[in-house]
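Residue-level listing of the chains:
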Amino acid sequence: MKELGSVPPSRRRWRRTLRTGLFWTALGLGAASLSYACDPTVAARSLGFDRPQTMLFFVLVPIPALALGVRSLALALRLRAASDVADRAAEYLAEHLSESFVVVSHYGPRDGGEDDVPLVIIGPPGVLVVQPRECEGELACYQDNWYRTRAYGVGRRLRGASVSKLARWNAGRVRHDLAKSGFVRASVEGCVVFMGARLADVASSCVPVYESLDALVTQLESRPQLQSSPARMRALADALLGSARLALV
């Protein structure tokens, strides 16, 4: 039992966001084309508006739709990139961790949220929720705000939500699901793994931070075993994914 998946690729958020972006973009382009193709007087009669109202309709409808479509498409690209990073990290960890660990990619918490949890590792040290991030350069953390460093000091802040706060939040979601399944005292921690970046001062991060997947593997393999029973680890995986899915592995 090595690598398990939770959220099917067809249901991942970036695909839903892509479909939304395509819908609004098509709607905006269609409305824009209609506004150029139609005779405003004829369109006014068919819509039951007077001519100024019809002109205003054809001007205002395409712009918000196109703006929403472009925004959704850009978000879908970022989400897909993050999903690919999680897939590559899960594959690497499944190959390099020992057989006593289970790697769950794209876990879907039962809180109804849209975002899945990129990686959950179940093993003898406990349950670890991993937030992978692919970055370049040298990074520093100041009170969970992440920046690229420069020769003269701190540079531009990383775009998006704080990756360390996100790891802590996702760990809480996994902990809540396990508690509802009867594992109230299960050890669940969050961490961040940067792939391709160097770390400077990250002492103020609310969760542990690793510079590479190799560093995470080394740390996991060397940590004390809090739950050495294979039956308990299987029970934890069962609580998250269900026995029907585990039976297929």
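Structure's up top.
To keep things clear, this report deals only with the structure shown in the data block. The residue numbers shown here count from 1 along each chain, following its written sequence. Side-chain atom pairs in this predicted model are given and counted only at pLDDT of 80 or more, local residue features only at pLDDT of at least 70, and totals for whole chains, interfaces and linings cover all residues. Side-chain measures here rest on the full set of heavy atoms in the structure, leaving out hydrogens and waters.

## Comments concerning the overall build of the protein chain
Phase 1 of the analysis: Along the backbone of the protein chain there are eight helices and 10 strands.
Phase 2 of the analysis: Each residue is placed in one exposure class: buried if its accessible area under a 1.4 Å probe, protein chains only, is under 20% of its type's maximum, exposed if it is over 50%, and partly exposed if it falls in between. When burial is assessed residue by residue, the protein chain has 41% of its 249 residues classed as buried.
Phase 3 of the analysis: Once local pairs closer than 6 in sequence are excluded, the contacts in the protein chain between residues at least 24 apart make up 66%.
Phase 4 of the analysis: Just so you have it, the protein chain exposes about 13500 Å², and 56% of that area is on carbon and sulfur atoms. Put simply, DSSP marks the helices as runs of H or I at least four residues long and the strands as runs of E at least two long, and each gets a number from the N terminus on. Any two residues having at least one pair of non-hydrogen atoms within 4.5 Å are treated as being in contact. Each accessible area is a Shrake-Rupley estimate made with a 1.4 Å probe; only the visible protein chains count as cover when residues are assessed.

## Section: the pairing of strand S3 (residues 117-123)
Phase 1 of the analysis: Most of S3 is tucked away: seven of the seven residues are buried.
Phase 2 of the analysis: As paired elements, strand S2 (residues 102-107) and S3 share five bridges and run antiparallel to each other. Residue Val102 lies in a different strand from S3, and its bridge partner there is Ile122.
Phase 3 of the analysis: Each pair of strands is called paired provided DSSP finds at least two bridges between the two strands. Examined bridge by bridge, S3 and strand S4 (residues 126-134) share five bridges and lie antiparallel to one another. Its bridge partner lying in S4, Leu119 is registered against Val130.
Phase 4 of the analysis: A loop of two residues connects S3 with S4, the two strands running antiparallel in sequence.

## Description of the packing of aromatic side chains
Aromatic ring pairs: the centre-centre distance and the angle between the two ring planes describe each pair.
Phase 1 of the analysis: Any two rings among Phe, Tyr and Trp, with Trp reduced to its six-membered ring, count as a pair given centres within 6.5 Å; such a pair is stacked if its planes are under 30 degrees apart, edge-to-face if over 60, and tilted if neither. Counted under the stated rule, the structure contains two aromatic pairs.
Phase 2 of the analysis: Centre to centre, the rings of Tyr142 and Tyr147 are 6.2 Å apart; their planes meet at 55°, and the pair counts as tilted.
Phase 3 of the analysis: Here Trp146 and Phe194 contribute two aromatic rings whose centre-to-centre distance is 5.0 Å and whose plane-to-plane angle is 55°, an arrangement assigned as tilted. A residue pair is termed long-range when its members are at least 10 positions apart, and Trp146 in strand S6 (residues 145-150) and Phe194 in strand S8 (residues 188-195) qualify at 48 residues.
Phase 4 of the analysis: Look at Trp146 and you get buried, because its relative accessible area is 3%.
Phase 5 of the analysis: The ring centre of Trp169 lies 4.4 Å from the NZ or CZ of Arg173, which sits over that ring. Ring-over charges, as used throughout, are those where CZ of Arg or NZ of Lys falls within 6 Å of the ring centre and within 35 degrees of the ring normal.

## Brief notes about the environment of Pro224
Phase 1 of the analysis: Mapped onto the elements of the fold, Pro224 is located in the loop between helix H6 (213-222) and helix H7 (230-241).
Phase 2 of the analysis: Relative accessible area serves as the criterion here: at 62%, Pro224 is assigned to the exposed category.
Phase 3 of the analysis: With 100 residues separating them along the chain, Pro224 and Pro124 place their C-alpha atoms 7.7 Å apart.

Interpretation note: all reported values are geometric properties and have no functional meaning in isolation.
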